[in-house]
Amino acid sequence: MQFMLLFSRQGKLRLQKWYVPLSDKEKKKITRELVQTVLARKPKMCSFLEWRDLKIVYKRYASLYFCCAIEDQDNELITLEIIHRYVELLDKYFGSVCELDIIFNFEKAYFILDEFLLGGEVQETSKKNVLKAIEQADLLQEVILRSVLRSLNV
Amino acid sequence: MTEGCPKHCILMCVLLISGKSKEAEIKRINKELANIRSKFKGDKALDGYSKKKYVCKLLFIFLLGHDIDFGHMEAVNLLSSNRYTEKQIGYLFISVLVNSNSELIRLINNAIKNDLASRNPTFMGLALHCIANVGSREMAEAFAGEIPKILVAGDTMDSVKQSAALCLLRLYRTSPDLVPMGDWTSRVVHLLNDQHLGVVTAATSLITTLAQKNPEEFKTSVSLAVSRLSRIVTSASTDLQDYTYYFVPAPWLSVKLLRLLQCYPPPEDPAVRGRLTECLETILNKAQEPPKSKKVQHSNAKNAVLFEAISLIIHHDSEPNLLVRACNQLGQFLQHRETNLRYLALESMCTLASSEFSHEAVKTHIETVINALKTERDVSVRQRAVDLLYAMCDRSNAQQIVAEMLNYLETADYSIREEIVLKVAILAEKYAVDYTWYVDTILNLIRIAGDYVSEEVWYRVIQIVINRDDVQGYAAKTVFEALQAPACHENLVKVGGYILGEFGNLIAGDPRSSPLIQFNLLHSKFHLCSVPTRALLLSTYIKFVNLFPEIKTTIQDVLRSDSQLKNADVELQQRAVEYLRLSTIASTDILATVLEEMPPFPERESSILAKLKKKKGPGTVTDLEEIKKERSSDMNGSAEPASVNSTPSPSADLLGLGAAPLTNSAPPPSSSGSLLVDVFSDSASAVAPLAPGSDDNFNNLSVKTEKKPHAITFSFVPAYSMFVCKNNGVLFENQLLQIGLKSEFRQNLGRMFIFYGNKTSTQFLNFTPTVICSDDLFLNHFLCLNLQTKPVDPTVDGGAQVQQVVNIECVSDFMEAPILNIQFRYGGTFQNLSVKLPITLNKFFQPTEMSSQDFFQRWKQLSNPKQEVQNIFKAKHPMDAEITKAKIIGFGSALLEEVDPNPANFVGAGIIHTKTTQIGCLLRLEPNLQAQMYRLTLRTSKEAVSQRLCELLSEQF
């Protein structure tokens, strides 16, 4: 996978993850172009399209579009399910995820994605394992917080 | 669960979201940025929490699409925090806002190093994620050696292993030269057997990428992958617990394993092969079973595996039974209610159509595909249907397919019209049994989609009509009829003008198309046409003067009219003046000779095909034989000698590169897809008399057809060796890319400018040239040659040229040249080529002048047999003393005159400068004209240097 973009129905970018080195200018150009292209498509249309020399796989969940760019030999259907699994992970973590969750907790959205996909490849497909890693981190944070509080005698 | 994001941040989010206008948002953000800046600059040291808070805000603002140019240092400080969340935010900031400041990179790398060594799996994970996210060359330099160790260490936690595998993959993609192969590779392969499916999933991606470049080294992965796959596909749907996805066992891993197997031919071991066939059959069987769930996720995951299995079957292209089954399965999908499946089925079938085993099976679906073309509501699906029709076309169904495509063209989306036109034109030509059908088809094309008919298409129809006399009368009649239409496309006027100018006489017997009627018909279109078409029509008129003497005066009147003779366009005016003069002074015999019918064009591959390939990228439009051809040429790609145009000086070529990349360069010997237009413009090879539309000027008319051999010759000397005695020129050239060099050297330093010219009209993407020093360039682990390059912009526009500078330092004497590896994406395909970079030892020569006495004194001092290397060899080039002198000077040494008692001999002297030493060199070249041989003797203080210089110089004569 070369990159993944999340954007709203209004075309606002909510999350961007690039797995190939590109300049900021190029990233902005790609984003603009793709958001436009995908938003222009009708609901019943197919989820795949050719774009430049890449294949775009996208799916809409409520007000958010999830859009991945994959290479010629990559598998479209499994990419569609990568999107779905990511949505499931967000859903499970936030408890029925909505766009605002991703805005407010953008860093969590990134951390979950990093546990699931790394370098553009699937790292861990087990929902349990991914969430375990994130929850462990959350726990770690709480423990530290508590120990800080204790040291301050609060 | 929102404690990760400080409360202030949330507040700000709300403010931003509820912001009324863009201006208000920008104002709000600028205020916030100013606030953060002042906090960072303030006298009071910020505590970790505040730092985190502000860095998090900056990130948020950046992700909203605003530019952030500070905060990097604060983020880096967070990395060394012991608090997890602070560290985490620090890493996230760095991954998202990558910065190339070298001081910062040093600090970041330090922090990463500490975390990697911390043995805390959570911290190690963060550090590895950061490396994988940034993936820069600097990071590769720092960590590419370390990560394989983490990956294969026995005590590494599974989750860290997973991250390490993909981290290494990312580094390998950006800097393959920095990832050392070694013992770890065999241990990585065995990760395919790991108990933890997550580890296998991550490792399979890494192995696949490594295996693509080093197939031999990872060969053992085939049998391991097959047995792993076999265990997955035969497992019950709940065996794999959390790795089962909607009743499909480990779909991601299955897809990855099938993808890995596509790096290799079918397994040789019959047991492995049998097991794989079983797996593939099981996957095909499962497709027929009733679904275990109605959820789309179930069918998607299942079919993802199925499509990947079909890709593998097609890749192997060896089991007719499986290929036909795959085809039938896809046939079912063609009528599936899911648009996605119909799309993918059409796409996959395209590749199946090119296998000899399944071509016939694909053809049985023709009606369904034609139907898709008519009824699909999504243009991207229709596009796939066009592609498939093109791929399944052969002699038996060409007429039907071409008719359907023409039909579709009338209503087709503008975005794909040009491509359909090209495809129709190619199919019509390729499968024409009857050329009248071909002519009809092309004229139809022009009628339906004239604007999308490119020059290549109408040039081609003219080539074919001229080369086949059985179709000329029919063509003349048909264009004449087509021109009768009140509004016809300019392209039709061009074709009509050309064909009637050549063959109008064939239909002149019919009173309905008498010469005068033909002329009036064409001339009625004249004023509506653009300048090039008018120029072509004027040439048709002068041809008519020869064909139909009876209308000569009518034509002369037209040529004589003010609108022609005083035309503001120079070309039109010149043609009118010259043609008028020609028609008045030349005798009929001369006219007949000058204006003779065009001779047949040399048979050549259709330029249309080349155009389509360029449009779609090779591979997508090729048929069976072409795929095979391309496969073999792909493999030879890197070894291909650069063919260099030897007539003009290559450095001139270099300069002209930007301006006219295509015409300035000699086509490679097996060039396909040269255009008709180059027949016209290349006066040396154009053997045509007056061609309408030709750019030849009037003077050429009298010099009729003097068949010269093609003026361009190809030198097959590898470009590399040409550079031994010179510093500028073209290093490499193929149909896509030209690489030019300019370099300068002084003592042990040098600088080389590499120019990459994109010869196509399409962008190159991910363009990454890498200079690689092979192991031979190391002496006791020290690099003999120190090279520094700057990265180039990863996109190279069509026709553009980019430049890269290489700074060179010669540390000690060396034998091998560094390799320049270039990777980029062109069209849909990945291009990878390597050429030797001509940095040779002699570049670091400083010439030394000396007297005869000095020379022979030193010569004698270097009399140790190890110091002398001698080579006797046959002359490969004419033995010209002046050229020889120039070469010796170009080689870098001084040419010493009147030193050798025999004036026919050449002697030279110089010093090789390296950082560590200086090496004095003496050379003597003795030609023997009778025997056409040379004797070359090198004496230096170092055996290896004598050896190397002797090799390099011997190749030059």
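Residues numbered from 1 in each chain as written. Chains lettered and ligands numbered in written order. Predicted model: local features only at pLDDT ≥ 70, side-chain atom pairs only at ≥ 80, totals over all residues. Heavy atoms only, no water.

Naming follows an unreviewed UniProt entry, where chain B appears as AP-2 complex subunit alpha of Buteo japonicus. Here is the UniProt Sequence similarities (unreviewed entry) comment for chain B, exactly as written: "Belongs to the adaptor complexes large subunit family." UniProt, in the comment section headed Subunit (unreviewed entry), describes chain B in these words: "Adaptor protein complex 2 (AP-2) is a heterotetramer composed of two large adaptins (alpha-type subunit AP2A1 or AP2A2 and beta-type subunit AP2B1), a medium adaptin (mu-type subunit AP2M1) and a small adaptin (sigma-type subunit AP2S1)." (UniProt positions renumbered as here; feature names shortened; annotations may be inferred.)

Per an unreviewed UniProt entry, chain A goes by AP complex subunit sigma and derives from Buteo japonicus. Chain A has a UniProt comment under Sequence similarities (unreviewed entry) that states "Belongs to the adaptor complexes small subunit family." The record held by UniProt for chain A lists under Function (unreviewed entry) the comment "Subunit of clathrin-associated adaptor protein complex 1 that plays a role in protein sorting in the late-Golgi/trans-Golgi network (TGN) and/or endosomes. The AP complexes mediate both the recruitment of clathrin to membranes and the recognition of sorting signals within the cytosolic tails of transmembrane cargo molecules."

Caption draft 1: Up close: the overall build of chain B. In terms of helices and strands, chain B carries 42 helices and 20 strands. The contacts in chain B between residues at least 6 apart in sequence include a share of 69% that link residues at least 24 apart. Carbon together with sulfur atoms contributes 52% to the accessible area of chain B, which is approximately 42,000 Å² in total. (Helix = DSSP H or I, 4+ residues; strand = E, 2+ residues; numbered from the N terminus. Contact = heavy atoms within 4.5 Å. Areas by Shrake-Rupley, 256 points an atom, 1.4 Å probe, with all protein chains shown as cover.)

Caption draft 2: Structural detail: the overall build of chain A. If you tally the helices and strands in chain A, you get 5 helices and 7 strands. With 154 residues in all, chain A has 61% of them scored as buried. Put simply, of all contacts in chain A between residues at least 6 apart along the chain, 48% involve residues at least 24 apart. (Buried < 20%, exposed > 50% of the residue type's maximum accessible area, 1.4 Å probe, protein only.)

Caption draft 3: Quick peek at the pattern of salt bridges. Summed over all chains, the structure comprises 46 salt bridges over all chains. One salt bridge in this structure joins Glu26(A) and Arg52(A), with 3.2 Å as the shortest N-O distance. Taken together, the residues span a long stretch of sequence, with Glu26(A) in helix 1 (residues 24-39) and Arg52(A) in the loop between strand 3 (48-51) and strand 4 (54-61) at a distance of 26 residues. Residue classification places Glu26(A) among the buried residues on the basis of a relative accessible area of 13%. The class for Arg52(A) is partly exposed, based on a relative accessible area of 33%. For Lys915(B), the salt bridge identified is with Glu809(B), shortest N-O distance 4.0 Å. (Salt bridge = Lys/Arg side-chain N within 4 Å of Asp/Glu carboxyl O.)

Caption draft 4: Examining helix 32 (residues 570-585) of chain B more closely. Residues and elements named next belong to chain B. Between its first and last C-alpha, helix 32 extends 22 Å over 16 residues, near the 22 Å set by a 1.5 Å rise per residue. Leu572, Arg575, Ala576, Glu578, Tyr579, Leu580, Leu582 and Ser583 are the residues of helix 32 that are buried. Looking at the packing, one finds that the buried side of helix 32 touches helix 29 (531-547), helix 30 (552-560), helix 31 (562-565) and helix 33 (588-594). Capping the start of helix 32 is the job of one residue whose side-chain oxygen sits 3.1 Å from the backbone nitrogen of glutamate 571: aspartate 569. (Expected span 1.5 Å × (residues − 1). Polar contact = N/O pair within 3.5 Å; in protein donor to acceptor, adjacent residues only side chain to side chain.)

Caption draft 5: Region of the structure containing the interface of chain B and chain A. On the side of chain A, 64 residues touch chain B, which itself brings 77 residues to the contact. Taking both partners together, chain B and chain A bury about 6,300 Å²; carbon and sulfur atoms supply 55% of that area. The interface formed by chain B and chain A contains 6 salt bridges. Its salt-bridge partner being Arg41(A), residue Asp378(B) comes within 2.9 Å of it at the nearest N-O pair. Connecting chain B to chain A are 28 residue pairs in polar contact (both at pLDDT 80 or more). With 9 residues, helix 10 (residues 158-174) of chain B is the largest single contributor of residues to the side of chain B that touches chain A. Here the residues of the side of chain B that touches chain A are counted per class, giving 34 nonpolar, 27 polar and 16 charged. (Buried area = accessible area lost by both parts, 1.4 Å probe. Nonpolar A, V, L, I, M, F, W, Y, C, P; charged D, E, K, R; others polar.)

Caption draft 6: Structural context of the sheet that holds strand 1 (residues 3-8) of chain A. Residues and elements named next belong to chain A. Taken in spatial order, the 5 strands make up an open sheet running 2-1-5-4-3, and their pairing is antiparallel. The open sheet is flanked by strand 2 (13-18) and strand 3, the only strands paired with a single partner. The sheet shows a mean angle of 20° between the axes of neighbouring strands, taken without regard to direction. (Pairing = 2+ DSSP bridges. Axes fitted to C-alpha atoms, helices over the stretch in contact; angles between N-to-C directions.)

Caption draft 7: Structural detail: the side chain of Lys494(B). With respect to the helices and strands, Lys494(B) occurs in helix 27 (residues 490-503). Discounting chain neighbours no more than four positions away, the residues touching Lys494(B) are Trp458(B), Thr533(B) and Leu536(B).

Caption draft 8: Examining helix 23 (residues 414-430) of chain B more closely. With 17 residues, helix 23 of chain B ought to run about 24 Å at 1.5 Å a step, and its terminal C-alpha atoms sit 25 Å apart, in line with that. Of all 17 residues making up helix 23 of chain B, 13 are buried, and the element is well covered by its neighbours.

Caption draft 9: Local environment of the sheet that holds strand 6 (residues 737-746) of chain B. Residues and elements named next belong to chain B. Read across the open sheet, the 5 strands follow the order 5-6-7-12-11; overall the sheet is antiparallel. Here the strands that pair on one side only, and so sit at the sheet edges, are strand 5 (729-733) and strand 11 (785-789). If you compare each strand with its neighbour and ignore which way they point, the axes differ by 25° on average. When strand 7 (residues 749-758) meets strand 12 (residues 801-810), the two strands line up antiparallel, connected through 9 bridges. Following the sheet pairing, isoleucine 754 is matched in strand 12 by glutamine 804.

Caption draft 10: Summary view of a negative patch on the surface. Residue and element names in this part refer to chain B. A contiguous patch of negative charge, built from Asp434, Asp469, Asp470 and Glu597, is present on the exposed surface. Residue position: aspartate 470 is located in helix 26 (residues 469-483). Look at aspartate 470 and you get exposed, because its relative accessible area is 57%. (Patch = residues over 30% accessible without salt bridge, like charges linked within 9 Å, V, L, I, M, F, W, Y side chains within 5 Å. Lys, Arg positive; Asp, Glu negative; His and termini not counted. Charge placed at Lys NZ, Arg CZ, Asp CG, Glu CD.)

Caption draft 11: Structural context of the packing of helix 23 of chain B against helix 24 (residues 435-449) of chain B. Residues and elements named next belong to chain B. Their axes nearest at 9 Å, the elements helix 23 and helix 24 cross at an angle of 170°. In terms of their interaxial angle, helix 23 and helix 24 are classed as roughly antiparallel. Between helix 23, through Val421, Val424, Ala425, Ala428 and Glu429, and helix 24, the contact on the second element is made entirely by Tyr435, Trp437, Tyr438, Thr441, Ile442, Leu445 and Ala449. In the contact of helix 23 with helix 24, the residues fall into 10 nonpolar, 1 polar and 1 charged. (Parallel < 35°, antiparallel > 145°, perpendicular 65-115°, else oblique.)

Caption draft 12: Just unusual backbone geometry, in detail. Residue and element names in this part refer to chain B. A positive phi angle, close to 45°, is found at tyrosine 246, a residue other than glycine. Here tyrosine 246 is to be found in the loop between strand 1 (244-245) and strand 2 (248-249). Exposure remark for tyrosine 246: the relative accessible area of 21% places this residue in the partly exposed category. Residues other than glycine seldom take positive phi values, yet glutamine 747 does so here, at roughly 50°. Turning to its location among the elements, glutamine 747 is positioned in the loop between strand 6 and strand 7. The exposure class assigned to glutamine 747 is partly exposed, which follows from its relative accessible area of 41%.

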